[in-house]
Amino acid sequence: MDFELSSEQTLLKDSIDRFVLDKYDFDSRQKLARGATGYSEDNWKMMAEMGWLALPFSEDVGGFGGTPVETAILMESFGTGLVLEPYLASILLGGKLIELAGSDEQKEAILAPLIEGEHLLSVGYAEPQSRFDLHDVATGATKAGDTYKLSGHKTMALNAATANTLIVSARTSGERRDEAGISLFLVDAQASGLTLKNYATLDGGRASDVILDGAEATLLGAEGEGLSYLNQVIDHAICAICAEAVGAIAKVNEVTLDYAKTRVQFEKSIGANQVIQHRLADMLIEEEMSRTMSAMASMRLIAEPEQRGAIASATKARVNEAAVYVGEQGIQVHGGIGMTDEYIVGHYYKRLMVIEKLFGPTDFHHQRYAELAE
């Protein structure tokens, strides 16, 4: 495979890298994480102006027709800066579900303002009992005229507190763990019967539990086809966050190498110690293996859509392993300072630990890959 970037992709990467350099120094990120929304609305508007919000959407709906390769380029750069804006929740999950499943009217009403940075989405697909099984859905939907009434409990809906519309999976037929009978619904953030329990996540992001008590909702896509929509969009999102993990892994390696060169003990840098050198080499190997896996996955998603699930799970399992190893070794080399909130390496470690769990940890994807590759 050719891993070289085209001239257009290089320009995209350079523009995002410049944004991270200008807007995401450590102190600025910490201020954003402690703010009311957990991110910068000005940064979000800038992303819209730069066309990054339009990047993954087809030209038919007003996007730029970007592929998973361009999305991976963007997400890797975001990973280097621990970017907090809700790109994953609003664009790669919510927006792509609208593009995939929405009617022409829904696409026109939501995607245009979304791409312009004037509308935000969040997706509630997980439930307290479901772990990482997308088909484990207890939330129920009852038809009420032209709309539906939803009742249930969704958890870990990313950036739901700032969303204008929530996309929620609910059961229109079948038993709790049946794969058939799951549908997607649009719920206005101000709808009666909708309650959010908001909290900060380990990595400085924001998420919410979504309590639905007869909340009015509109069907998104064909009734009973919600699981197929979710599987497709989340497999693409998995590959995107693997690219983000590669960016964070690279920064952990950079920061750790610099620390090993400058931290002096017994009148010499700790990097002169052969054990430390071997550890740094192993960390770099993990970075390069992850980058190769991520790049290959983003290209194979285009070429081999029938193997999408297996590709996503194989990549996630391998990148998860690298994320845990590099994050832990980065903390270990730094020693006590690596555990402090005032030092950056611990924040990369926290983000890597969240990515490892997001959409399923390593053992989950080992099992899923084994089932899909049979």
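The notes below deal with the structure included here. This one's a predicted model, so the numbers in the text were calculated from it and none came from an experiment. (Residues numbered from 1 in each chain as written. Predicted model: local features only at pLDDT ≥ 70, side-chain atom pairs only at ≥ 80, totals over all residues. Heavy atoms only, no water.)

1. Digging into empty space enclosed by the protein
Then comes step 1: Per the stated rule, a full pass over the model turns up one cavity of 30 Å³ or more.
Then comes step 2: Here the largest cavity defines a volume of roughly 360 Å³.
Then comes step 3: Of all the elements in the fold, those that place two or more residues in the lining of the largest cavity are α4 (68–81), α5 (87–101), β3 (147–158) and α10 (345–357).
Then comes step 4: Residue contributions to the lining of the largest cavity peak at three residues, all from α5.
Then comes step 5: For the lining of the largest cavity, a count of residues per class yields 14 nonpolar, six polar and six charged. (1 Å grid on protein atoms, 1.4 Å probe; cavity = no way out; pocket = protein on both sides within 12 Å on 5 of 7 lines; lining within 4 Å. Points joined across faces, edges and corners; volume = space filled by probe spheres on them. Helix = DSSP H or I, 4+ residues; strand = E, 2+ residues; numbered from the N terminus. Nonpolar A, V, L, I, M, F, W, Y, C, P; charged D, E, K, R; others polar.)

2. Some words on the pairing of strand β4 (residues 165–171)
Then comes step 1: Burial analysis of β4 places seven of its seven residues in the buried class, which makes it a mostly covered element.
Then comes step 2: Side chains T165, I167, S169 and R171 project from β4 onto one buried face, and the interleaved L166, V168 and A170 project onto a second face that is buried too.
Then comes step 3: Bridge count between strand β1 (residues 121–124) and β4: four bridges; the pairing is parallel. Residue pairing for β4: S122 is matched across the bridge by L166. (Buried < 20%, exposed > 50% of the residue type's maximum accessible area, 1.4 Å probe, protein only. Pairing = 2+ DSSP bridges.)

3. A look at the layout of surface pockets
Then comes step 1: Of the pockets and cavities examined, the largest pocket occupies roughly 880 Å³.
Then comes step 2: Lining the largest pocket are 36 residues; nearest its centre among them are F132, D133, L134, F359 and F364.
Then comes step 3: Taken together, the elements giving at least two residues each to the lining of the largest pocket come down to β3, α7 (226–262), α9 (308–334), α10 and α11 (362–372).
Then comes step 4: Its residues assigned to classes, the lining of the largest pocket comprises 18 nonpolar, eight polar and ten charged.

4. Description of helix α1 (residues 7–23)
Helical geometry note: an α-helix holds 3.6 residues per turn, so side chains three or four residues apart project in the same direction.
Then comes step 1: Spanning 17 residues, α1 covers 24 Å between terminal C-alpha atoms, matching the ideal 24 Å at 1.5 Å per step.
Then comes step 2: Of all the positions in α1, only Q9, L12, I16, F19 and V20 are classed as buried. Across the axial projection of α1, the buried residues extend over an arc of 95°, all falling on one side. Counted as exposed and oriented over 90 degrees from the buried face of α1: S7, L11 and L21.
Then comes step 3: In this structure, the buried residues of α1 make contact with α3 (41–49) and α4. (Expected span 1.5 Å × (residues − 1). Arc of directions from axis to C-beta. Contact = heavy atoms within 4.5 Å.)

5. Here we look at the packing of α7 against α10
Then comes step 1: Relative to each other, α7 and α10 sit at 155°, their axes nearing to 10 Å. With respect to α10, the axis of α7 lies roughly antiparallel. Considering only the axes of α7 and α10, their crossing is left-handed. Each of I241, E244, A245, A248, I249, K251, V252, V255 and T256 in α7 lies in contact with α10, whose residues at this interface are V345, Y348, R351, L352 and I355.
Then comes step 2: Here the residues of the contact of α7 with α10 sort into ten nonpolar, one polar and three charged. (Axes fitted to C-alpha atoms, helices over the stretch in contact; angles between N-to-C directions. Parallel < 35°, antiparallel > 145°, perpendicular 65-115°, else oblique. Left-handed = near helix turned anticlockwise from the far one by under 90°.)

6. Brief notes about the pairing of strand β5 (residues 182–188)
Then comes step 1: With six of seven residues buried, β5 lies mostly within the body of the structure.
Then comes step 2: Two strands pair when backbone bridges link them, and β4 and β5 are joined in this way by seven bridges, in the antiparallel orientation. Across the sheet, residue L166 finds its bridge partner in β5, namely V187.
Then comes step 3: With three bridges joining them, β5 and strand β7 (residues 206–220) adopt antiparallel strand pairing. Across the sheet, residue L184 finds its bridge partner in β7, namely L220.

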